[in-house]
Amino acid sequence: MEVTMTVNGERVTRDVEPRLLLVHFLRDTLDLTGTHWGCDTSNCGACVVQVDGQPVKSCTMLAVMCHGHEVRTVEALEVDGVLDPIQQGFHERHALQCGFCTPGMLMTARALLDENPDPTVHEIRTAISGAICRCTGYKNIVSAVRWAADHEAAARQES
């Protein structure tokens, strides 16, 4: 079955099996391995990407369901060597250890900040509640999202 979608700003068309999961399409067909494949049951959140700006667990979505849609992966966050504020926040606040959950957390947090540029700690915790981090205890992840929100707000004021 032929599927056409925009992935990280680039239009792609491929023939795929109708049952191919989006996570496998991204990783195996497009070689975008930043999206991690974890549980395959939508429990861990390591595979979160954005589809039309909304966070989606790509292990439970078929690639053909994205026909005509826009998909954004973690590879699209850094632009021209400049980290997205959420990536910088994870670095500044030491919000990653093993890094397995990080792509999904980044994409979930980016979607949150795009929708709500000044989230409360409770709103951040709610947004990331669908992702499991086995290493950090979430405190630094929440701090990283707040760091990014604060720095984006400061950048808007300077403009």
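Since the model is a prediction, treat every value here as computed from it, not as a measurement. (Residues numbered from 1 in each chain as written. Predicted model: local features only at pLDDT ≥ 70, side-chain atom pairs only at ≥ 80, totals over all residues. Heavy atoms only, no water.)

Visitor: Explain the sheet that holds strand S1 (residues 2-7) here, please?
Guide: Strand-to-strand pairing in sheets goes through backbone hydrogen bonds, with the strands running parallel or antiparallel. Taken in spatial order, the five strands of this open sheet run S2-S1-S5-S3-S4, and their pairing is mixed. Looking along the sheet, the strands with just one partner apiece sit at the ends: strand S2 (10-15) and strand S4 (54-57). Taking the axes of each pair of neighbouring strands and ignoring which way they run, one obtains an average angle of 40 degrees across the sheet. Judged from the six bridges that link them, S1 and S2 form a sheet pairing that is antiparallel. In the sheet register, Thr 6 faces S2, and the bridge partner there is Arg 11. Running over the sheet, helix H3 (residues 102-115) touches strand S3 (48-51), S4 and strand S5 (70-72) and is turned about 35 degrees from S3. (Pairing = 2+ DSSP bridges. Helix = DSSP H or I, 4+ residues; strand = E, 2+ residues; numbered from the N terminus. Axes fitted to C-alpha atoms, helices over the stretch in contact; angles between N-to-C directions. Contact = heavy atoms within 4.5 Å.)

Visitor: Help me understand the packing of helix H2 (residues 85-92) against H3, please; the structure alone is not making it clear to me.
Guide: Geometry of a packed helix pair, given as the angle between the helix axes and the separation of the axes. Packing of H2 against H3 leaves a shortest axis separation of 9 Å and a crossing angle of 125 degrees. Of the possible angle classes, the one that applies to H2 and H3 is oblique. Pair H2 / H3 crosses with right-handed handedness. Mapping the contact onto sequence places Pro 85, Ile 86, Gln 87 and Phe 90 in H2 and Thr 102, Met 105, Leu 106, Ala 109, Arg 110 and Leu 113 in H3. Across the contact of H2 with H3, the residue classes tally to seven nonpolar, two polar and one charged. (Parallel < 35°, antiparallel > 145°, perpendicular 65-115°, else oblique. Left-handed = near helix turned anticlockwise from the far one by under 90°. Nonpolar A, V, L, I, M, F, W, Y, C, P; charged D, E, K, R; others polar.)

Visitor: What exactly am I supposed to notice about the side chain of His 24 here?
Guide: Within the secondary structure, His 24 is located in helix H1 (residues 22-29). Classification of His 24 as buried rests on a relative accessible area of 17%. Apart from residues no more than four positions distant in its own chain, His 24 is found in contact with Thr 29 and Trp 37. (Buried < 20%, exposed > 50% of the residue type's maximum accessible area, 1.4 Å probe, protein only.)

Visitor: What is the right way to look at the environment of Ile 132 in this model?
Guide: Here Ile 132 is to be found in the loop between helix H4 (121-127) and helix H5 (139-158). By relative accessible area, which is 34% here, Ile 132 ends up partly exposed. Ile 132 has contacts with Asn 43, Cys 44, Cys 101 and Tyr 138, leaving out every residue within four places of it along the chain.

Visitor: Would you explain unusual backbone geometry in this entry?
Guide: One non-glycine residue, Asn 8, lies in positive phi territory at about 50 degrees. Mapped onto the fold, Asn 8 is located in the loop between S1 and S2.

Visitor: Can you walk me through the environment of Leu 21 in this structure?
Guide: As for its position among the elements, Leu 21 is in the loop between S2 and H1. For the pair Leu 21 and Thr 60, spaced 39 residues apart in sequence, the C-alpha separation works out to 6.8 Å. Each residue touching Leu 21, except ones within four places of it in the same chain, is listed here: Asp 40, Ser 58, Cys 59, Met 61, Leu 62 and Ala 63.

Visitor: In this structure, what is going on with H3? I would like to understand it.
Guide: Because each turn of an α-helix spans 3.6 residues, side chains separated by three or four positions in sequence point in the same direction. Its 14 residues place the ends of H3 20 Å apart at the C-alpha level, agreeing with the 20 Å of an ideal helix rising 1.5 Å per residue. Most of H3 is tucked away, with 12 of its 14 residues classed as buried. Those residues of H3 not exposed but buried are Thr 102, Pro 103, Gly 104, Met 105, Leu 106, Met 107, Thr 108, Ala 109, Arg 110, Ala 111, Leu 112 and Leu 113. Its buried side turned inward, H3 meets S3, S4, S5, H2, H4 and H5. (Expected span 1.5 Å × (residues − 1).)

In short, shape yes, function no, at least from these values alone.
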